[in-house]
Structures are given as C-alpha cells and as structure tokens.
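Inside the fold
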Amino acid sequence: MRRTLILLTTLVSALAVVPTPAWATAGATKNLIEGHVTGTGASSGLAGICVTASTVGAPSGPKYSTQSGTNGYYKMLVPDGTYKVAFRDCVSNPAYLPQWWEYASTAAGATPVKVGGALTPAATGIDAALAAGARLTGHVTDRVSGGALQGICVIAQVWDVTWSPGEYDTTTDANGAYTFDLPNGNYLVWFTDCRSQPTYVDQYWQDATNANTATTITVDGFSQPAINGVDAHLDRGGTIVGQITDDATGQPVAGVCVDINARRGGTTVPDAVTDSEGNYAIPDMASGAYMLHIYQCGGFSALGPAYAAEYYHHAASEASATDVLVQAPGTTTIDESMLVGGRVTGQVIDASTGSPVAGIIVNANADDTSTGAGATTGPDGTFTIAGLFASDRYLISFYDPHGRYSTQWWDGKSSEGSADFVSVDFGATTAGINEALQSG
C-alpha cells in the first residue's frame, strides 16, 4: 500500500505543473472578438495595430491581445466576460493615436464589449478608425523660482483659416507636466491659472500674451510622432479689487459685470461680477494699463434701477475712459459708483390705420457713447428703453423684423443721416418719442 501511494503522489505532482490556457479556466468558454482597423490617410485597413481586451472591473486582471493583420482585420479568443477593447499603434514611431471601442479617446469613455453564453459567442464589428496624430508634452513653471506649477489648465486650440472652435484641455500634474494626444492639425497652446485662487498671468506658447502673437504648433504624426518641450514659464499677476455702489445712495450694487476690455482674446465672458456687497476681484493681471467696463449683467429689472453702462471713471466711451494701472504682483483698488440711466418712451403705430404695432425693435444709439440700448414694442405699440448714458445725440431707429414696415428713424425720417437727435439725461425720462411707420 505504501508503494502505491507514493506513485499516486508523484503522478499528481507531475500533472500540476502542466500550464493551463488562460481561457480554459473553470467554467470559461472560448469566445471571439473581431473587427477591422482603419486610419486617417490610409487607403486600406491598418496592419500591425495592437488590439488589447482588458477585463472590466478588474484593472489588474487578465488581458488578451493580438495585432491586426493584412487589410486591418483581427480576431481574438477570450473567455466569457466583459471587456474594454483598446487599439494602439505599437510601432516604434507611431503615427496614429490610441483609441478604445467604440471610437473613444480614453479608457473611461470606452463602451464595454460582452461575450459569452449561447446568445453571444462572438462580438463582431468591434472596429476602430484611428486618427493620425502625435503626443505633445511640456512643463509649466514659475518664471522667477523655477518651481513646478500644479493644476494649471493647458488648452490646445485648433487654429486654422476658419478658426475652428475645437479644443483639447488638460491640467498639469505635481511636477508641472502635461500630455496631449492630438490629431493632425494646427494648434495654439494656452496656459491659464484655473485654480480656485488664480495667481499667474495667462500665456500662449511661445511666451506670448495673446492668440495673435502666439506660435502655431503643427501636429503631423506621419513626420513627427512626438512633440516635446512645449513649456511655459508663468509670471505672477496683479489683482484689481473694488466695490461698485449707487452714485446717489452709496449703497452697494450686486450683479454688476466688471470687464477688462480686449482681455483673453476679446472673450464676451465678464472678468468679474459683484457680490451682494458690491465687491469684485479680477486676479492674474499682467502689468499695464486697462480699460474698465462696468454694466448690469442681466439687463434691467422692472423691480430695480437701470444703471447706465460706463467706463472708468464715469466715462461714456472707451476714448474718454480713465486708464486703470496694474503693477504685478501688487493689488490695485478701483471703486466706482453707477448712475441711474435715462429712459426713452413712446408708441409705434401704423401710419395708414393709426393702430398700434407690436414687435417693432427700437434702438437708441449716440455717437458720443459706446453703450446704446434697445427694446421691442408690446401689444399696445409702446416701448421703454432704460439705462441710457446721458447724451443729447441719441438717434432712435425703428426696425420691423417681420418685414411689414420700412425701417425709420425718429422723427419720421427714412435715413439715419436725416434723423432728429433726442436728448437723454441721467435718472430722467424722455417721453413722446412716437413713430408712425410706413408699409414696407
């Protein structure tokens, strides 16, 4: 008996060292994932693309891989399960960007592929269309100290003759490093301090203050699979702070937009909005002279005063504005009071019938101010234009967006050059600006 047991033990030990295929584990069945890989600029499928299936929910679990063959077709045997399928140009100088099924640029955005069981023994049509492109990398540091800056937003903006709105964005890591995988094209790279308390001035590559002077980067994966050294050395910025109040009462005014003109490529987003105490702050400003534009953000409310938009200090236009001087990294305090604007009221009627006309757009503009305003006539033909900066050179136009009437200017004029001026004063109403429209 003892001899027999020894023989059995030896036999079991010998069997235990025989390797078991990954798909042949207990309860596993071989299943097929297959598809076709194509790419930008390729006349047929792409051969030699690495295809990897990773088990969903098990990042350290088994992975299964193959390569696309002639004309870009591939097949891969995997056990029952759910997978994310990745496609990677795995040659030494890749010309194509990674992709996950279904046409996702990151693993997080991938669509899982489920295979197994009698109903889904194979997943077919798991295709990829790879974009030609390259990896772009760089570092962001403090210009003075040389220290790495974490959390800086880096934006690669598509730049071509049509100014395509496409863009890609990321943030720097603890070492100030960032990485982009960009499709072939021309880009401007913008660095902006998007942290909750920004400190640094915006910059474009290469050390440019705006998009017009930035250096364009051409990405071409076929000629250059990697573009390194797109770095930025940021300067600490100054800050403008202040409080906006009512000129007559001295009370703080909330919800006022404070804008530094022509900043950040002429964006229409205000640089700051006053809080409930009328306070505002505009950080990361480069040293220099600026025009401060102040206006009510959400238009005018019937429940409160309509303030006239202005430039600092109580200026009606950019040309007459007082410069705001910033010396980085210091703080400049700019308080401003707002004046309640003037109002223009009237009624629009049909010249033939005398009936009120609704839906007419009425605009008030003066050549010595930069802040006009407008309104639309109601069912009774009346209108009110509020928040106007004082001027005796307003021209009032009447435009019918429905084409029923010809455009006119007050008072009964067919051209702007022949129109009569209307005077408006702060806090006052200029009434009786009525117009009888002629049929178009």
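In this text, all values refer to a predicted model and were calculated from it rather than measured experimentally.

1. Some details on the sheet that holds strand 24 (residues 292-296)
Pairing is antiparallel across the open sheet formed by 4 strands, whose spatial order is 21-20-24-25. Only two strands of the sheet have a single neighbouring strand rather than two, namely strand 21 (272-273) and strand 25 (310-311). Judged from the 5 bridges that link them, strand 20 (residues 256-260) and strand 24 form a sheet pairing that is antiparallel. From the neighbouring strand, aspartate 259 faces strand 24, where its bridge partner is histidine 293.

2. Overview of the pattern of salt bridges
It is possible for side chains of opposite charge to pair when their charged atoms get near one another. Evaluation of the coordinates by the stated rule reveals 8 salt bridges. Across the pair arginine 143 and aspartate 207 runs a salt bridge whose closest N-O atoms are separated by 2.7 Å. Note that arginine 143 is positioned in the loop between strand 10 (133-142) and strand 11 (153-158) and aspartate 207 in the loop between strand 15 (203-204) and strand 16 (217-219), a separation of 64 residues in sequence. Judged by its relative accessible area of 36%, arginine 143 falls in the partly exposed class. What emerges from the salt-bridge pattern is a single network uniting Arg143, Asp207 and Asp235.

3. What to know about the nonpolar core
Core analysis: the largest hydrophobic core is formed by 24 residues, its most contacted members being Ile360, Phe383, Ile385, Leu388, Tyr394, Ile396 and Phe398. Listed in part, the 23 residues of the second largest apolar core include Ile33, Tyr96, Val115 and Ala132.

4. Details of the state of the cysteines
Considering all chains together, one arrives at 3 disulfides under this definition. Linked covalently through their sulfurs, cysteine 153 and cysteine 194 form a disulfide whose S-S length is 1.8 Å. Note on the cysteine 153 and cysteine 194 pair: the S-S dihedral is about 85 degrees, so by sign convention the disulfide is right-handed. Of this pair, cysteine 153 sits in strand 11 while cysteine 194 is found in the loop between strand 14 (185-192) and strand 15, placing the two residues 41 residues apart along the sequence. Each sulfur of the disulfide joining cysteine 257 and cysteine 297 lies 2.0 Å from the other. Between cysteine 257 and cysteine 297, the S-S dihedral sits near 130 degrees, and the bridge is therefore right-handed. Residue cysteine 257 is found in strand 20, and its partner cysteine 297 is found in the loop between strand 24 and strand 25; the two are separated by 40 residues along the sequence. Indicated for the chain is the disulfide connectivity 1-2, 3-4, 5-6, based on numbering the bonded cysteines in sequence order.

5. Re the environment of asparagine 186
Turning to its location among the elements, asparagine 186 is positioned in strand 14. Along the primary structure asparagine 186 and threonine 216 are separated by 30 residues, whereas in three dimensions their C-alpha atoms are 6.4 Å apart. Setting aside residues no more than four positions away along its own chain, asparagine 186 makes contact with Gln157, Val158, Trp159, Thr216, Ile217 and Thr218. A distance of 2.8 Å separates polar atoms of two side chains, one belonging to asparagine 186 and the other to threonine 218.

6. Things to note about the packing of aromatic side chains
Under the counting rule described, the total for this entry stands at 9 aromatic pairs. With 6.0 Å between their ring centres and 70 degrees between their planes, tyrosine 74 and phenylalanine 87 make a pair best called edge-to-face. Here the residue tyrosine 74 occupies a position in strand 4 (residues 73-78), and phenylalanine 87 occupies one in strand 5 (residues 81-89), the gap between them amounting to 13 residues. Note on accessibility: tyrosine 74 and phenylalanine 87 belong to one class, buried. With centroids separated by 6.2 Å and ring planes inclined at 65 degrees, the aromatic side chains of tyrosine 168 and tyrosine 187 adopt a geometry described as edge-to-face. You can see tyrosine 168 sitting in strand 12 (residues 167-171) and its partner tyrosine 187 sitting in strand 14, a full 19 residues away along the chain. The structure contains a cluster of three or more aromatic residues connected by ring pairs, namely Tyr178, Phe180 and Phe191.

Analysis parameters
Residues numbered from 1 in each chain as written. Predicted model: local features only at pLDDT ≥ 70, side-chain atom pairs only at ≥ 80, totals over all residues. Heavy atoms only, no water. Pairing = 2+ DSSP bridges. Helix = DSSP H or I, 4+ residues; strand = E, 2+ residues; numbered from the N terminus. Salt bridge = Lys/Arg side-chain N within 4 Å of Asp/Glu carboxyl O. Buried < 20%, exposed > 50% of the residue type's maximum accessible area, 1.4 Å probe, protein only. Core = buried A, V, L, I, M, F, W, Y, C linked by side-chain atoms within 4.5 Å. Disulfide = S-S within 2.5 Å. Contact = heavy atoms within 4.5 Å. Polar contact = N/O pair within 3.5 Å; in protein donor to acceptor, adjacent residues only side chain to side chain. Phe/Tyr/Trp six-rings, centres within 6.5 Å; stacked < 30°, edge-to-face > 60°.

Keep in mind these values describe shape, not function.
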